[in-house]
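Listed below are the residues making up each chain.
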Amino acid sequence: MSSTELPSVPATNVLPKVAPVRVAEGERLRSVGLPGITLTVRSRPPAREGLPPALYVHGLGGSSQNWSALMEQLEGVVDGEAVDLPGFGDSPPPDDGDYSVTGHARAVIRFLDAAGRGPVHLFGNSLGGAVTTRVAALRPDLVRTLTLVSPALPEIRVQRTAVPTALLAVPGVAGLFTRFTKEWTAEERVRGVMALCYGDPGRVSPEGFRNAVEEMERRMQLPYLWDAMTRSARGIVNAYTLGGQHGLWRQAERVLAPTLLVYGGRDQLVGFRMAQKAARTFRDSRLLTLPEAGHVAMMEYPETVARSFLELLAEAGQLSDATPSRESAVDGGGAVVGDGETAAESAGS
């Protein structure tokens, strides 16, 4: 975005004080300084030593908090960390202002290289799905398995309900939206986001709703909020138009890691019809379909996604002696199948 579209963003060291980000019981936050970026990383201490590492990457407008429920489900299986991408959650904007899919992927790779934790079990949702697909294709040495929840991979026919989000990439639209919604309360904004992202917003507990409102109030105080959203949305659109070896579907073909694909039947942002194409494209894939889920299945049905991840580990021969059995590690229904088949069981049943 050009500097004429939104007010200039203050330098990180002069950003206003905002409320601290929420940390759930059992979680920890830490700040990691890397060349050109500072990342906030959320983690849960593993249930035991020696568990393999995992990294969770959120979607557009999200944060590491989006993975809290799944991280808790898998704390006895992996040593999990969730990153706030630059400009999101509690991470400040990148020094170079690069919010492209490649820029975000570079941040993830830089973090993994610096941490020395790779290879990891890599998880991505939405924008994070595109980012982690690129990471897995470019740096297979960093990835044990790949789990993609509603990944933002190119679609020829975008759903009507996804158009407003895509329009954020158009110059000037963010400014118009900001002026149009300036009277909206945090509660109204959260209800709108949940209606868009959840298959059934009624599954959100009162406490979960209050926490989301608190986080929305915090985010609205950040002067770079819409800049990060707009540039990242534009990064997705630009990634959709790339062809050749840099195209996301071409990179998906190059992913070597065993891959779990999770798609929601009520997803308003990523077409459910893309599930079969993804299952055909990723060479070693398993497909989990949740007819009642929306765009954030790991938040709506964390037990089901966790169970399917354990099935992925079992099929890939990556269940260690220290890993609990699929039955004892998590509870929940759902089914995961391979070879491009579709799970017939609803997550809500």
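Residue indices begin from 1 for each chain and proceed along its sequence in written order. Given that this is a predicted model, residues contribute local features only at a pLDDT of at least 70 and side-chain atom pairs are listed and counted only at 80 or more, while totals for whole chains, interfaces and linings are drawn from all residues. Hydrogens are left out, water is left out, and the side-chain values use all remaining heavy atoms of the structure.

A.B. asks: Would you mind going over the overall build of the chain with me for this structure?
C.D. replies: By definition, any uninterrupted DSSP run of H or I lasting at least four residues is a helix, any uninterrupted run of E lasting at least two residues is a strand, and each is numbered from the N terminus. Within the chain one finds 13 helices and 9 strands. Expressed as a percentage of its 349 residues, the buried residues of the chain come to 54%. Note on contacts: a residue pair qualifies if any of its non-hydrogen atoms lie within 4.5 Å across the two residues. Within the chain, counting contacts between residues at least 6 apart in sequence, those at least 24 apart form 76% of the total. For the chain, the exposed area adds up to about 14900 Å²; of that, 51% sits on carbon and sulfur atoms. Relative accessible area decides the class of each residue, using a 1.4 Å probe on protein chains only: under 20% of the type maximum gives buried, over 50% gives exposed, and in between gives partly exposed. Note on areas: Shrake-Rupley, 1.4 Å probe, and residue coverage restricted to the protein chains presented here.

A.B. asks: How should I be thinking about the pairing of strand 5 (residues 120-125) in this particular structure?
C.D. replies: For a regular strand, side-chain orientation follows a simple rule: the groups alternate between the two sheet faces. Judged by how many residues are buried, strand 5 sits mostly within the fold: 6 of 6 residues are covered. Strands are treated as partners if at least two bridges between them are detected by DSSP. As judged from the 4 bridges shared by strand 3 (residues 53-57) and strand 5, these two strands associate in the parallel manner. Note that in strand 5 the partner of Leu55 across the bridge is Leu122. Of the strand pairs in this sheet, strand 5 and strand 6 (residues 143-149) are connected by 6 bridges, and their pairing is parallel. Counterpart to Phe123 in the pairing with strand 6 is Thr147. When the strands point away from the viewer, a crossover counts as right-handed if the route from the first strand across the helix to the second turns clockwise. As for the winding sense of the linkage, the β-α-β connection from strand 5 through helix 3 (residues 127-138) to strand 6 is right-handed.

A.B. asks: Mind showing me how you'd approach the packing of aromatic side chains here?
C.D. replies: Aromatic ring pairs: the centre-centre distance and the angle between the two ring planes describe each pair. Pairing of aromatic side chains requires ring centres within 6.5 Å, counting the rings of Phe and Tyr and the six-membered ring of Trp. Pairs whose planes differ by under 30 degrees are stacked, by over 60 edge-to-face, and all others tilted. Following the criterion strictly, the structure yields 4 aromatic pairs and no others. A centroid spacing of 4.5 Å and a plane angle of 25° characterise the contact between Tyr56 and Phe123, whose relative ring orientation is stacked. Of this pair, Tyr56 sits in strand 3 while Phe123 sits in strand 5, and the two are 67 residues apart along the sequence. Relative accessible area serves as the criterion here: at 0%, Tyr56 is assigned to the buried category. With relative accessibility at 0%, the residue Phe123 sits in the buried group. Ring pairs connect the aromatic residues Tyr56, Trp67, Phe123 and Phe309, which therefore count as one cluster.

A.B. asks: Any chance you could explain unusual backbone geometry here in plain terms?
C.D. replies: The phi torsion of most residues other than glycine is negative, and most of the peptide bonds are trans. Here the residue pair Gly118 and Pro119 is connected by a cis peptide bond, since its omega of 0° sits within 30 degrees of zero. Residue placement: Pro119 occurs in the loop between helix 2 (101-115) and strand 5. At Ser126, a position not held by glycine, the phi torsion is positive, near 55°. Positive phi, close to 45°, is recorded for Ser150, a residue that is not glycine. Residue classification places Ser150 among the buried residues on the basis of a relative accessible area of 1%.

A.B. asks: What exactly am I supposed to notice about the side chain of His58 here?
C.D. replies: Mapped onto the fold, His58 is located in the loop between strand 3 and helix 1 (68-73). Here His58 falls in the buried class, since its relative accessible area comes to 0%.

A.B. asks: Would you take a moment to explain the nonpolar core for this structure?
C.D. replies: By nonpolar core is meant a set of buried Ala, Val, Leu, Ile, Met, Phe, Trp, Tyr and Cys residues that side-chain atoms within 4.5 Å join together. Ranked by size, the top nonpolar core spans 52 residues in total, and within it Leu55 and Phe282 carry the most contacts. Listed in part, the 36 residues of the second largest apolar core include Tyr56, Ala186, Met298 and Val305.

A.B. asks: Please explain the pattern of salt bridges as it appears in this structure.
C.D. replies: Think of it this way: side chains of opposite charge can pair up when their charged atoms draw near. Salt bridges are defined by distance alone: a side-chain nitrogen of Lys or Arg within 4 Å of a carboxyl oxygen of Asp or Glu. This structure, assessed with the given rule, holds 17 salt bridges. Of the charged contacts, one joins Glu27 and Arg42 as a salt bridge, the two residues approaching to 2.7 Å between their closest N and O atoms. Of the two residues, Glu27 sits in the segment before strand 1 (28-34) while Arg42 sits in strand 2 (residues 37-43), which places them 15 residues apart along the sequence.

A.B. asks: Quick question: what am I supposed to make of the confidence of the model for the chain here?
C.D. replies: The predicted coordinates should not be examined in detail at positions where pLDDT is low. Here pLDDT means the predictor's own confidence in every residue, given as a number from 0 to 100. Of the residues in the chain, 79% reach a pLDDT of 70 or more, and the chain-wide mean stands at 84. When the criterion is pLDDT under 50, residues 166-170 qualifies, and its contacts beyond four places in sequence or with other chains add up to 13 contacts.

A.B. asks: Is there a simple way to explain empty space enclosed by the protein in this structure?
C.D. replies: Leftover empty space is mapped by rolling, across the atoms, a probe with the size of a water molecule. The method works on a 1 Å grid over the protein atoms by themselves. A cavity is a set of points holding a 1.4 Å probe that cannot get out, a pocket is an open set with protein on both sides within 12 Å along at least five of seven lines, and residues with an atom within 4 Å of a point line them. Grid points are joined across faces, edges and corners, and a volume is the space filled by probe spheres set on the points. Evaluated as defined, the whole model comprises 1 cavity of 30 Å³ or more. Under the scheme applied, nonpolar residues are Ala, Val, Leu, Ile, Met, Phe, Trp, Tyr, Cys and Pro; charged residues are Asp, Glu, Lys and Arg; polar residues are all the others, including Gly. In terms of residue class, the lining of the largest cavity is built from 3 nonpolar, 1 polar and 2 charged.

A.B. asks: Would you take a moment to explain the environment of Gln245 for this structure?
C.D. replies: Secondary-structure assignment places Gln245 in the loop between helix 8 (225-241) and helix 9 (248-253). Residue class for Gln245 comes out partly exposed when judged on its relative accessible area of 42%. Once residues within four sequence positions are removed from consideration, Gln245 is found in contact with Arg250, Gln251 and Arg254.

A.B. asks: What is the right way to read helix 6 (residues 186-197) from this model?
C.D. replies: Owing to its 3.6 residues per turn, the α-helix brings residues three or four apart onto one side. Each residue after the first adds 1.5 Å to the expected span of a helix. Its 12 residues place the ends of helix 6 16 Å apart at the C-alpha level, agreeing with the 16 Å of an ideal helix rising 1.5 Å per residue. Buried within helix 6 are the following residues: Ala186, Arg189, Val190, Met194 and Cys197. Down the axis of helix 6, the buried set is contained in an arc of 130°. They therefore lie on one face. Residues of helix 6 that are buried make contact with helix 7 (206-219), helix 8 and helix 11 (297-300). Each direction from the helix axis to a C-beta atom contributes to the arc, which is the arc of those directions.

A.B. asks: Looking at this structure, how should I read the side chain of Thr281?
C.D. replies: Here Thr281 shows up in helix 10 (residues 274-281). For Thr281, a relative accessible area of 15% corresponds to the buried category. Here the side chain of Thr281 touches Lys277 through a polar contact of 2.7 Å, landing on its backbone oxygen. Two N or O atoms form a polar contact when they lie within 3.5 Å of each other; inside protein one atom must be a possible hydrogen donor and the other a possible acceptor, and for residues adjacent in sequence the pair counts only when both atoms belong to side chains.

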